[in-house]
Amino acid sequence: MVPHKQEEEFYICMHSLRYYDEILFYHEGGVDVGDVDAKAERVQISTGVEPTEAMVTEKLLGKVPVGKQANLASFILSLYKFYKDLHFAYLEINPLVMLEDNTVVPLDMAAKLDETAGFLCAHRWGEVDWPPPFGRAAYPEEALIRDMDGKTGASLKLTILND
């Protein structure tokens, strides 16, 4: 645990939609953050567009103390690059803490990887154990195809419907 004050907590979420990525940011974080969909500041980043520090500061950080904005904007840009490079579909940090010395510390994170990007960056993800479909264990044949899928640019899927 990192000792910090409640006012040092923020919320950030990045998720991918069909034609753009969206970053949600709220100037309060932690367990009592509430309905961030209704409260958060948002910026939509169209496919192929790189966000800038000015864009992030203007659209997301208006309620953050001015002395923290530059460092927090830099962190958000680096986090977005990480998000894109590793093919996340969703990434949420709550709380994201910025200490008095402007050190940024993510305390809790939830994320979803885009499984179809495994052939591009599985070596960077490390060992990811993809769960079988809900309610049953994977058959050996399904495991074999899933292993082959991770080693090719093609999309290989197998689900055995009947025993």
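It should be emphasised that the depicted structure is a prediction, and the values quoted were computed from it without experimental measurement.

Participant: Lay out the packing of helix α2 (residues 53–60) against helix α3 (residues 66–85) in plain terms, naming residues and giving numbers.
Facilitator: One way to put it is that α2 packs onto α3 with a least axis distance of 9 Å and a crossing angle of 110 degrees. In terms of their interaxial angle, α2 and α3 are classed as roughly perpendicular. The two elements α2 and α3 meet at a crossing, and its hand is right-handed. Along the contact surface, α2 presents Glu53, Val56 and Thr57, while α3 presents Gln69, Ala70, Ala73, Ile76 and Leu77. Of the residues assigned to the contact of α2 with α3, the class counts are five nonpolar, two polar and one charged.

Participant: I'd love a proper account of the pattern of salt bridges, names of residues and values included.
Facilitator: The tally for this structure, following the rule as stated, stands at eight salt bridges. Lys84 is the salt-bridge partner of Asp21, the closest N and O atoms lying 3.1 Å from each other. Separated by 63 residues along the polypeptide, Asp21 in strand β2 (residues 20–26) and Lys84 in helix α3 bring together distant segments of the chain. Here Asp21 falls in the buried class, since its relative accessible area comes to 6%. Take Lys84: its relative accessible area is 41%, and that puts it in the partly exposed class. In this structure, the salt-bridge partner of Asp147 is Lys151, at a minimum N-O distance of 3.1 Å.

Participant: How would you summarise α3 if you had to cite specific residues and measurements?
Facilitator: End to end, α3 covers 29 Å across 20 residues, agreeing with the expected 28 Å (1.5 Å per residue, within 8%). Residues of α3 that are buried: Lys68, Gln69, Leu72, Ala73, Ile76, Leu79, Tyr80 and Tyr83. Residues of α3 that are buried in the fold lie against β1 (9–16), β2, β3 (41–46), α2 and β4 (88–98). One or two residues past the end of α3 sits His87, with phi positive at roughly 55 degrees.

Definitions and cut-offs
- Residues numbered from 1 in each chain as written.
- Predicted model: local features only at pLDDT ≥ 70, side-chain atom pairs only at ≥ 80, totals over all residues.
- Heavy atoms only, no water.
- Axes fitted to C-alpha atoms, helices over the stretch in contact; angles between N-to-C directions.
- Helix = DSSP H or I, 4+ residues; strand = E, 2+ residues; numbered from the N terminus.
- Parallel < 35°, antiparallel > 145°, perpendicular 65-115°, else oblique.
- Left-handed = near helix turned anticlockwise from the far one by under 90°.
- Contact = heavy atoms within 4.5 Å.
- Nonpolar A, V, L, I, M, F, W, Y, C, P; charged D, E, K, R; others polar.
- Salt bridge = Lys/Arg side-chain N within 4 Å of Asp/Glu carboxyl O.
- Buried < 20%, exposed > 50% of the residue type's maximum accessible area, 1.4 Å probe, protein only.
- Expected span 1.5 Å × (residues − 1).

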